[in-house]
Structure formats: structure tokens, C-alpha cells
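Remarks on the overall topology
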Amino acid sequence: MTNWRISLRVKLLFFSSFLFAIPYLGYQYVWELETYLRIGQEQTMVGTARAVATALHERPKLFSTQSSFMSDVRPGTDLYAHSIDYPIQLDGDVADWDEYSAFKMHYAEQNLIEIQQAYRPQSLSFKHMIGRYDKFLYAVFEVNDDSLVFRARNSLRIDRNDYLQIAMTDIKGEFQRYIVAPMQSGWVNAYLLKQDSPNIQPERLETKIQGYWQQTEAGYTVELRIPVGMMSSKIAFAISDVDDAETRFAKYTLGTADPTKADSLGTILIPSPDIENILKGLQYANARVWVIDKHMRVLAKSGEIQSASGVQAEPSNIASAMPLIDEDADKDEKSERENLQVETQENIAETPKMRTNENKGIWEYIESEWLLPIYYRILTKPPADFVDDLDNAFALAGKDIEEALDGTPSTLWRLSADKKAVILSAAHPIYIDEQVMGAVVVEQTTNGIRTLRNQALEKQFHFILAVIVLGTLSLFLLASRISWRIRKLRNETESAIDSSGKIIGEIKASPANDEIGDLSRTFNNVLSKLSQYNSYLENMASRLSHELRTPVAIVNSSLDNLSLDKHSQDNQAYIDRAKEGITRLSKILSNMSEATRLEQAIQSSDVEAFSLNEVLVGCTEGYRLAYSERQFLLETELQSLVIEGAPELFAQMLDKIVANAVEFSPQNSLIRIALKGSENAFRIHISNQGPLLPENMQKELLDSMISVRKEQGSEQAHLGLGLYIAKMIALFHHASIDIENQTDESGVVVTLSFKSR
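What counts and what doesn't
- Residues numbered from 1 in each chain as written.
- Predicted model: local features only at pLDDT ≥ 70, side-chain atom pairs only at ≥ 80, totals over all residues.
- Heavy atoms only, no water.
- Helix = DSSP H or I, 4+ residues; strand = E, 2+ residues; numbered from the N terminus.
- Buried < 20%, exposed > 50% of the residue type's maximum accessible area, 1.4 Å probe, protein only.
- Areas by Shrake-Rupley, 256 points an atom, 1.4 Å probe, with all protein chains shown as cover.
- Salt bridge = Lys/Arg side-chain N within 4 Å of Asp/Glu carboxyl O.
- Expected span 1.5 Å × (residues − 1).
- Pairing = 2+ DSSP bridges.
- Axes fitted to C-alpha atoms, helices over the stretch in contact; angles between N-to-C directions.
- Contact = heavy atoms within 4.5 Å.
- Arc of directions from axis to C-beta.
- Parallel < 35°, antiparallel > 145°, perpendicular 65-115°, else oblique.
- Nonpolar A, V, L, I, M, F, W, Y, C, P; charged D, E, K, R; others polar.
- pLDDT = per-residue confidence, 0-100.
- Phe/Tyr/Trp six-rings, centres within 6.5 Å; stacked < 30°, edge-to-face > 60°.
- Lys NZ or Arg CZ within 6 Å of the ring centre and 35° of its normal.
- Core = buried A, V, L, I, M, F, W, Y, C linked by side-chain atoms within 4.5 Å.
- Left-handed = near helix turned anticlockwise from the far one by under 90°.

In this section: the overall build of the protein chain. Of the regular secondary structure elements, the protein chain holds 14 helices and 25 strands. For the protein chain, buried positions account for 43% of its 757 residues. Entry remark: accessible area of the protein chain is about 41800 Å², with carbon and sulfur atoms responsible for 52%.

A word on the pattern of salt bridges. Close approach of charged atoms lets side chains of opposite charge pair. Using the criterion set out here, one finds 16 salt bridges in the structure. A salt bridge links Glu142 to Lys104, with the nearest nitrogen and oxygen atoms 2.3 Å apart. Here Glu142, found in strand E5 (residues 136–144), pairs with Lys104, found in the loop between strand E1 (79–83) and strand E2 (105–107); they are 38 residues apart in sequence, far enough to count as distant. Accessibility expressed as a relative area gives 17% for Lys104, which makes it buried. Arg157 is the salt-bridge partner of Asp159, the closest N and O atoms lying 3.0 Å from each other. Judged by relative accessible area, which is 39%, Arg157 ranks as partly exposed. Members of the salt-bridge network, linked through shared partners, are Arg288, Asp388, Asp389, Arg414 and Glu443.

The terminal C-alpha atoms of helix H13 (residues 647–664), which comprises 18 residues, lie 26 Å apart, in line with the 26 Å expected from a rise of 1.5 Å per residue. For H13, the full list of buried residues reads Pro647, Leu649, Phe650, Ala651, Met653, Leu654, Ile657, Val658, Asn660, Ala661 and Val662.

The subject of this paragraph is the sheet that holds strand E25 (residues 747–755). With mixed pairing, the 5 strands of this open sheet are ordered in space as E20-E22-E23-E25-E24. Strands at the two margins of the open sheet, each flanked by one partner only, are strand E20 (631–636) and strand E24 (735–741). Averaged over all neighbouring strand pairs, the angle between strand axes comes to 15°, with direction disregarded. Pairing geometry for E24 and E25, over 7 bridges, is antiparallel. Bridging across to E25, Ile739 finds its partner in Val750. Along the sheet, H13 makes contact with E20, strand E22 (670–677), strand E23 (681–689), E24 and E25, crossing E23 at roughly 30°. Running at roughly 145° to E24, helix H14 (residues 722–732) makes contact with E24 and E25 of the sheet.

Pairing within the open sheet is antiparallel, and its 5 strands lie in the order E15-E14-E18-E17-E16. The open sheet is flanked by strand E15 (298–302) and strand E16 (410–415), the only strands paired with a single partner. Each strand of the sheet is rotated relative to its neighbour by a mean of 20°, with strand direction disregarded. Sheet analysis places strand E17 (residues 422–432) next to strand E18 (residues 435–445), joined by 10 bridges and oriented antiparallel. From the neighbouring strand, Ile430 faces E18, where its bridge partner is Gly438. Running over the sheet, helix H2 (residues 21–56) touches strand E14 (288–293), E16, E17 and E18 and is turned about 30° from E17.

The next subject is helix H12 (residues 612–626). Compared with the 21 Å implied by 1.5 Å per residue over 15 residues, the 21 Å span of H12 between its first and last C-alpha is a close match. Taken together, the buried positions of H12 are occupied by Leu612, Asn613, Val615, Leu616, Cys619, Thr620 and Tyr623. Viewed end-on, H12 has its buried residues packed into an arc of 160°, placing them on one side of the element. Facing away from the buried side of H12, by more than 90 degrees, are the exposed residues Glu614 and Leu625. Looking at the packing, one finds that the buried side of H12 touches strand E19 (608–611), E20, strand E21 (642–645), H13, E22 and E23.

Contact pair helix H7 (residues 362–375) / helix H9 (residues 447–496): the axes reach a minimum separation of 12 Å and the direction vectors enclose 100°. As far as their axial angle goes, H9 and H7 are roughly perpendicular. In this structure, H7 contributes Trp363, Glu367, Leu371, Leu372 and Tyr375 to the contact, and H9 contributes Glu458, Phe461, His462 and Leu465. Considering only residue class, the contact of H7 with H9 consists of 6 nonpolar, 1 polar and 2 charged.

This paragraph deals with the environment of Thr451. Mapping Thr451 onto the fold places it in helix H9. Since its relative accessible area comes to 17%, Thr451 is described here as buried. Distance in space between the C-alpha atoms of Thr451 and Thr380 is 9.2 Å, their sequence separation being 71 residues.

Before going further, it helps to examine the confidence of the model for the protein chain. Here the protein chain averages 82 in pLDDT, while 86% of its residues score no lower than 70. Low pLDDT (under 50) marks residues 347–358, which in the prediction has 30 contacts with non-local residues, meaning those over four places away or in another chain. Segment residues 711–715: pLDDT under 50, and 2 contacts once partners within four positions in sequence are set aside and those in other chains are kept.

This next bit is on the packing of aromatic side chains. If you walk through the whole model with that rule in mind, you get 12 aromatic pairs. Pairing Tyr623 with Phe632 gives two aromatic rings, centres 5.9 Å apart and planes at 40°, and the pair type is tilted. Ring pairing ties together the aromatic residues Tyr107, Phe126, Phe141 and Phe237, which thus form one cluster. Note that Arg38 overlies the ring of Trp413, its terminal NZ or CZ placed 5.2 Å from the centroid. Seen from the ring of Phe136, Arg225 lies directly overhead, with NZ or CZ sitting 5.5 Å from the centre.

What follows concerns the pairing of strand E10 (residues 219–227). For E10, the tally of buried residues reaches 8 of 9 residues, placing the bulk of the element in the interior. Pairing geometry for strand E9 (residues 202–215) and E10, over 6 bridges, is antiparallel. Opposite Gly211, over in E10, you have Leu224 as the bridge partner.

As a further point, take unusual backbone geometry. Among all residues except glycine, the phi angle is most often negative; among peptide bonds, the trans geometry is most common. In this structure, Asp433 is a non-glycine residue whose phi angle is positive, near 55°. By the secondary structure assignment, Asp433 is in the loop between E17 and E18.

We now examine the nonpolar core. Among the nonpolar cores identified, the biggest contains 45 residues, and Leu612, Phe650, Leu654, Ile684 and Leu752 are the most heavily contacted of them. Elements supplying a minimum of two residues to this core: helix H11 (569–604), H12, H13, E22, E23, H14, E24 and E25. Considering every element that reaches this core, the biggest residue donor is H13, with 9 residues. With residues up to four places along the chain from it excluded, the contact list for Leu612 reads Leu641, Ile643, Phe650, Leu675, Phe682 and Ile684.

For the rest of this paragraph, the subject is the packing of H13 against H14. Packing of H13 against H14 leaves a shortest axis separation of 9 Å and a crossing angle of 150°. Here H13 and H14 pass one another in a crossing that is left-handed. When H13 is examined against H14, the residues Leu649, Phe650, Gln652, Met653, Lys656, Ile657 and Asn660 are found in contact with a partner set consisting of Gly722, Leu723, Ile725, Ala726, Ile729, Ala730 and Phe732. Of the residues contributing to the contact of H13 with H14, the split by class is 10 nonpolar, 3 polar and 1 charged.

Following this line, the structure appears as C-alpha cells:
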């Protein structure tokens, strides 16, 4: 199993990584805060809707001219006048209506009023819509007619051709009928019909109703402009189709309602100017406000949802932007409008403010170019623009509106059409005579809350990032300092003791008053005591040898004197054994002091350059004479190799190794001495045949007092110092010594490895 080494710095850095939990907790806290802000925004929106509805309660005049009192709305019959941005140019070109094409309604067989022949769609159908700009209603008819018949120039009849009927109730409630029957394409006015005649007879030309009739490939188009002041809330349009220019009888009459009967007329809902005036001040309230009738049709609208972010403008801007009130306006309406504006401002005041941009400095550059791009990988920016599917809506729908029309204020969260923005709407009912007559709908996006959330998270991330960076850096520096002191203590400890266990240095006591300082002082104290004890052990051999030599000499001289006298054979054997023991004891004492003398010799030896080849050749010749019962072979791959050291000590090292090889090799066996390698890195191998080394003793044999000789009653005293002395001399010559079994297991090889310095 692999033991992974993890440094102190890595551990501290790992544990400091838990600091990253702080931004997560802050992030969760801000999200919770956003939830509470949304709840607050809901309450604010409901309060705003309630304030607007309060100004509209029990105001039947605002609804009396509308179709709001009907129990049901008939699509295609009860019309809606859409607000248009610009006046329509009456020229027969419907391009002005293109942006409102979604509001056009199609009229065909289901809208037939009179029919004389079997209906064919290609014979008569049309698209129609009504728009309102300022004090005028604009109507467009895109008619499909396979045969257009104009009024004859000399004809007094206006119903023997294709014509458009208009029926309405005027502001006095009287039923009025009009017909547009041109002789050709161009500018047209309507004819007012006589009320007391059952037939179609013009009374006079009504110049207030103006328009343009333009023939097209598919039929014709009609654009009309009608003053809002000449009508109330009931109206109907119908087109009669004449295809036969000879008979000139109408085949069909197709329209929104029957224009011949006052009780059959449909209604038209025109956004209320009075309600719009009340809402006018709310366009500065950072909200879009709708007023709808009980059929969910829009009566008035104020503000734009794109700017309704829930972020309040400066109070001074609101005050200066309040609309001027006509001095002649109704005092009650003026008071209610002022109260509404004040109450709405108080409700909206709870929403957050946008921050202003400042001139960028160094910090702003770092923030905008480095930090914020990282933050907004997590955060979401409020959209600068989004698709508003209710931009030109004339009717609203939603659960909140349904509940409000049932009498219960409600709120609704929804996504924009492109799912970029979250929109909150709050609806509150409008009461007239304790009946729900409509509702106020206030809308805002959550962009303000999201902006506030992002600002809070930006500041929080700045602070947390600074804490994490400084905290991590401080922990890293602290860990580096601690790690450096520990490594320093480790290095001093390792350098104080050599590979053989000898104390050769010291550990400096640290003055620091902490745990590492205490540890260094303890190590210094322990190493000092060990040094004293090792010094005692190192000198013990020489002292013991010195102290024992005199008693040994006395015993030896006494035995010599006893040997001069004649003794019995048994006594003489005892004397001989005693002399042998004294002799062995003397050799032991000599060997014990040899290592000490060698250390002193190494310390006092002068380093000189000598020829390694000459030393090897000389020693090998000496071994052949000293150990005649063994064979010696010298192999050299390098010639004239010069090294630095002490040749006498080098020869002594070889003597110890060869003596060990001779002792463990059989008689007449070969002892090989080989010099191999290069001048920069070379080795000396001394190999002999004989018994193999134990597996667990190959490294320990180079230590002192270690031997693997078997006790066989040898006269020679062995303390296991030979290879230890060789090791000391090898280290003096900057070499390493190894002993191991030969690969063919025929014996043992000792290797001396040298590298150039």
C-alpha cells in the first residue's frame, strides 16, 4: 500500500479551503433575502393596486358610457377601439395598419345579416378593426369582393351599389344611420339617413365622417375617421354587396351587427380618457397600471413594463414629473388624484434604488474586467430588454385577474414571452354599488430586486474574496514558516549524525517560545548527552586496553617465571593453557584499540595524489607471498588512474577486505581483484569463493562488532572490526563499500565505488 506524503502546508491549505463555505452561505442568505424582498414587492404592488382602485370606487360616470355593464361580450359585435400611436393617413393604403394587423377580425358567413343568394366567401368577406387616436376613431375594412359595383353618377339612389352602413347612438342616445356609397375610388363622406323613413333615403351629407375608398385586386379597402364626440357606446358596421350592374340588387349584407335596429347594435369600448387622466401621474411610479372592465377588456393603461423594474427614481424627479392639474378640473377628482399619487409614491418607496456609475479607477477596472465576469458566471443579470406579449393588449387574462373580478385581491408571478424577465402582477377589484365592475392590475418586473441582489452579492463576494485571499495567504505563510523551521530542525538532526551513527555536529537551540522551539532545545539537550555518552564509549576501548595491559603483563611474566621451573605434566598443561589465554587476551586488547588509533590516524593523515594502479599491483604481490595457499588475480581496465587520499590507509583497507576473503575461502581458491569503470566513476571488486552471506546480514556486516564467523575454537580473536575499519577508510576516500553474494552464488564480492568530485 502506497503511503502518500502530505506536507503541513498542503494540510493547512486543505483545511483553509473550508473558507469557501463562507461565500456559499452568503449566497444562500442573499437568496433568502431576495425571497423576502419579493414578498415585500407583492405587498407593495397590492397596496398600489388598492390605492388606484380606491380612486375608482363608486365612480359610475367612468363606466356608464362603456359596455362594462353588459353581462356578456359578443366577439365581432362588441368592438374594442385599440390605441394607435399615430394618426392614420386616409389614402386607402393599409400599410399604416400593419403593426396592428393582429387585432383585425375576419367577417364571413357567420356574420351574415341579410342573404338573397347562396353565400360564396369569394363574393364577400372582410377584415376589420377600430383604432383610437386623440379625439377620433379610425376604422379599416379590407374587403374581398369578386365584383365591385360603384354608384352610378346620375343615380339618386345610394343603395343600388356596394355600400357601407354605419349605425350608432349619438351622445344624446338617439339612433343614427349613415351610408358610404362612392361613385369611384377616392375621398368619401357618409350620408346621414332619414330616421322616419323605412327605406334608405339620405337626409344630408355628414362631413364629420370622412374616409377613403380604394379599389384593389381582391376587392376594395375603406378607411374611415369618426369623431369620438358624435357617438356614445353603441355602433354597428355592415357592408352590402351588389355584383350585378344591371339589376343592382344586394346579394348579401355582412357586418358586425344589424344596422337597421337600435337594439341590435353592438358596443364599442373606447379607452376612457377620464380614467387615463387619473392614471397619468402613475407613469412615474415604476409600474405599469391597467384598468379593465369586468369582461377583462382594457379601459386605460399607464406606464411601460420595460421600465417598471421596481427600482425607484430619485424623489426629486418624481416630484417634478407630477402632471399639472387643470384649474377648472373637478375639485373632487383633483383631490383624489393627489391622494392617489401620494399613496402610490409611499408604496413604491419601498423598492430599491439603482446605483450610479462612477468614474473608473484602478479598483473599478479590476472589478469590472476581472471580478464581475467571474461573479456573473453564477449570477444572472436582469435583461436590458425582453419581449412583452401584452404591449398592445386590449384584453387581459390570468388567475389573479379572475380572482380580483371575483372580489379577492390577488398576485401572480409569470415569465415574459422570451423567458428573460419575471413579471409580478397584482390585481384589485373596483366596486360600484357593491358590485365588482372591473379591476386594477399593477405590473412590475423583478429586475430591481435582481439588481439589488446582485449588488449585495458583489459587495459580499468582494469582502469574502478579500477574507479568503488574506486568510489563505496568511495560513500559507504560517505553514511555510512552520514547515521551514521543522525542515531546518530535521536537517540539523540529520547532519549531526553520520551514516554510521557517530555524532559529528550539533543542533542549535532555538530561542522561539513555542512548541518547535521547545523541541529544538530538547533535541539539543538530548544530542549533547548522547555526544558525551558516545565519547565515553569511543574512549572506553583505549582506556580498557590501557588499564588491562599491566595486569596482563604481570600475569604473562608470572607464567614465564613458572615455566622456568619443572612441573608435572598436568601442571605444565595448565600453565600452557593460561599462556594461550593471556596471548588471546592481548590480541583482543590490540584489536579494540586499533579502531581508535585508525580514527586518529585518519584525522592526522595528509591527503596526497597517488597512483591507484601501483597500490593495487603492490598489494596483490604482497598477498601472493602472505597467503601462498590462495591464488590472486588482478584485472584492471584503467591504466595510470590517480586519486587523492592516503596510500597507506588505502592499502590497509585492502588488507582488511582481502584478509576477510582469505578467511572465508577454501584453500587453493581464486581471489579476484578487478578495477572497472571510467576515470569519473570506477569500482574495485574483490571476490572470493566460499560460503554465502545470510540474507539479513549483508548491510550489517559493515558495522562494528558484527561477525558471522562460527565459533570453532579458533585461536584468532575476532571482534567484527575488519570491514568496519575498511568502511571508515573508504569514507575517507569518498567511496562507498558494499558486500553481497555473487550472482552465480559461488561466493561473496566486496565492491568499492568511487565517483569524481
